[in-house]
Amino acid sequence: MSDNMIKQITTDDLRHMEGQEGLVLQGCGGDPQEWVDGINRELTEAGILLDGGKLENVVSFRHDGVTCLLFPFGDAELNIGKFAMWRIQTHDRYGGTWLSDYVPNRLGGFLQAEPQPQKPRMGLVGQDGNIYAVLGRASMLLKEAGMQDKIDEMFQRCAASGDYYKALNIISEYVETELSPPAVPQKSQKKKGRNAHER
């Protein structure tokens, strides 16, 4: 990875990373790639990074006039106990803190994602078999639900499908019908390094 692959992000981007974890280092002047290589080497030598893993997809941001680096944990195998001790012991050098502590304490907390509007319900039974009538009804329901931005997209996809039954399935992606797949509850994902900041 070359230093031009280290993505620049904003503090607002950090505030949308709730549920993720990583190491934030503050005051990282100079070549960011040297920081990435050096920290990965140090964590490997300290027995924190296991199985030849690395902290990758490192990003850079500016806050309070200094350059900071976020090392996301990702899928790296980590010895969290050793990592927590290393962070405390090197705090004077690196200003290291966990992302889950940095955002609430320095940036005012995480921002909640905008809730997705709920799809309106529409029965297909009893419709007259005219696809334009079905589209018209679906469009009206989307408009009432504040989802006007989906109407043109739905129309274009149905027109391109060239088939009544394909069009019905497309409409069923935008409004809840008998053809819509059942909603699958999302499983909560366990974070790697979940004990990193437990007191």
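Look up a bit, the structure's there.
Scope of this entry: the structure provided in the associated data block. Bear in mind the structure is a predicted one, so any value in this text is a computation, not a measurement.

## Overview of the packing of helix 6 (residues 131–144) against helix 7 (residues 151–161)
Two numbers describe how helix 6 lies on helix 7: the axes approach to 10 Å, and their chain directions differ by 160°. The angle between the axes of helix 6 and helix 7 places the two elements in the roughly antiparallel class. For the crossing formed where helix 6 meets helix 7, the hand is right-handed. Residue-level contacts link Leu-135, Ala-138, Ser-139, Leu-142 and Lys-143 of helix 6 to Ile-151, Met-154, Phe-155 and Cys-158 of helix 7. Of the residues belonging to the contact of helix 6 with helix 7, the class tally is 7 nonpolar, 1 polar and 1 charged.

## Brief notes about the pairing of strand 2 (residues 22–26)
Counting buried positions along strand 2 yields 4 of 5 residues, so the element is predominantly enclosed. Where strand 2 meets strand 4 (residues 66–72), 5 bridges bridge the pair, whose relative direction is antiparallel. Counted as the bridge partner of Gln-26 is Cys-68 from strand 4. Relative to strand 5 (residues 97–98), strand 2 runs antiparallel, the two being bridged by 2 bridges. Among the inter-strand pairings, Val-24 is bridged to a residue of strand 5, identified as Thr-97.

## Some thoughts on the pattern of salt bridges
In this structure the tally under the stated criterion is 4 salt bridges. Linking Arg-106 and Asp-64 is a salt bridge whose minimum nitrogen-to-oxygen distance equals 2.6 Å. Of the two residues, Arg-106 is situated in helix 5 (residues 99–106) and Asp-64 in the loop between strand 3 (59–63) and strand 4; the sequence distance between them amounts to 42 residues. On the basis of relative accessible area, Arg-106 is assigned to the partly exposed category, the value being 35%. Given the relative accessible area of 57%, Asp-64 is considered exposed. In this structure, Lys-119 engages Glu-176 in a salt bridge whose closest nitrogen and oxygen atoms are separated by 3.9 Å.

## Things to note about helix 2 (residues 32–45)
Under the 1.5 Å per step criterion, the end-to-end length of helix 2 is 20 Å for 14 residues, consistent within 8% with the ideal 20 Å. Packed against the buried residues of helix 2 are strand 2, strand 4, helix 3 (80–89) and helix 4 (91–94). Where helix 2 begins, the side chain of Asp-31 points an oxygen toward the backbone nitrogen of Gln-33, at a separation of 2.9 Å. Looking one or two residues beyond helix 2, the residue adopting positive phi is Gly-47, at roughly 75°.

## Side note on the packing of aromatic side chains
With the rule as written, the count across this model stands at 8 aromatic pairs. Ring centres of Phe-61 and Tyr-102 lie 5.7 Å apart, and the angle between their planes is 65°; on these two criteria the pair is classed as edge-to-face. One end of the pair, Phe-61, is in strand 3; the other, Tyr-102, is in helix 5, and 41 residues separate them in sequence. Given a relative accessible area of 2%, Tyr-102 falls into the buried group. For the ring pair Phe-83 and Trp-98, a centre distance of 5.0 Å and an interplane angle of 85° mean the geometry is edge-to-face. On the criterion of sequence distance, the pair formed by Phe-83 in helix 3 and Trp-98 in strand 5 is long-range, its members being 15 residues apart. Each member of the pair, Phe-83 as well as Trp-98, is classed as buried. Every member of this aromatic cluster is reached through a ring pair, and the members are Trp-35, Phe-73, Phe-83, Trp-86, Tyr-94 and Trp-98.

The rules behind the values
- Residues numbered from 1 in each chain as written.
- Predicted model: local features only at pLDDT ≥ 70, side-chain atom pairs only at ≥ 80, totals over all residues.
- Heavy atoms only, no water.
- Axes fitted to C-alpha atoms, helices over the stretch in contact; angles between N-to-C directions.
- Helix = DSSP H or I, 4+ residues; strand = E, 2+ residues; numbered from the N terminus.
- Parallel < 35°, antiparallel > 145°, perpendicular 65-115°, else oblique.
- Left-handed = near helix turned anticlockwise from the far one by under 90°.
- Contact = heavy atoms within 4.5 Å.
- Nonpolar A, V, L, I, M, F, W, Y, C, P; charged D, E, K, R; others polar.
- Buried < 20%, exposed > 50% of the residue type's maximum accessible area, 1.4 Å probe, protein only.
- Pairing = 2+ DSSP bridges.
- Salt bridge = Lys/Arg side-chain N within 4 Å of Asp/Glu carboxyl O.
- Expected span 1.5 Å × (residues − 1).
- Polar contact = N/O pair within 3.5 Å; in protein donor to acceptor, adjacent residues only side chain to side chain.
- Phe/Tyr/Trp six-rings, centres within 6.5 Å; stacked < 30°, edge-to-face > 60°.

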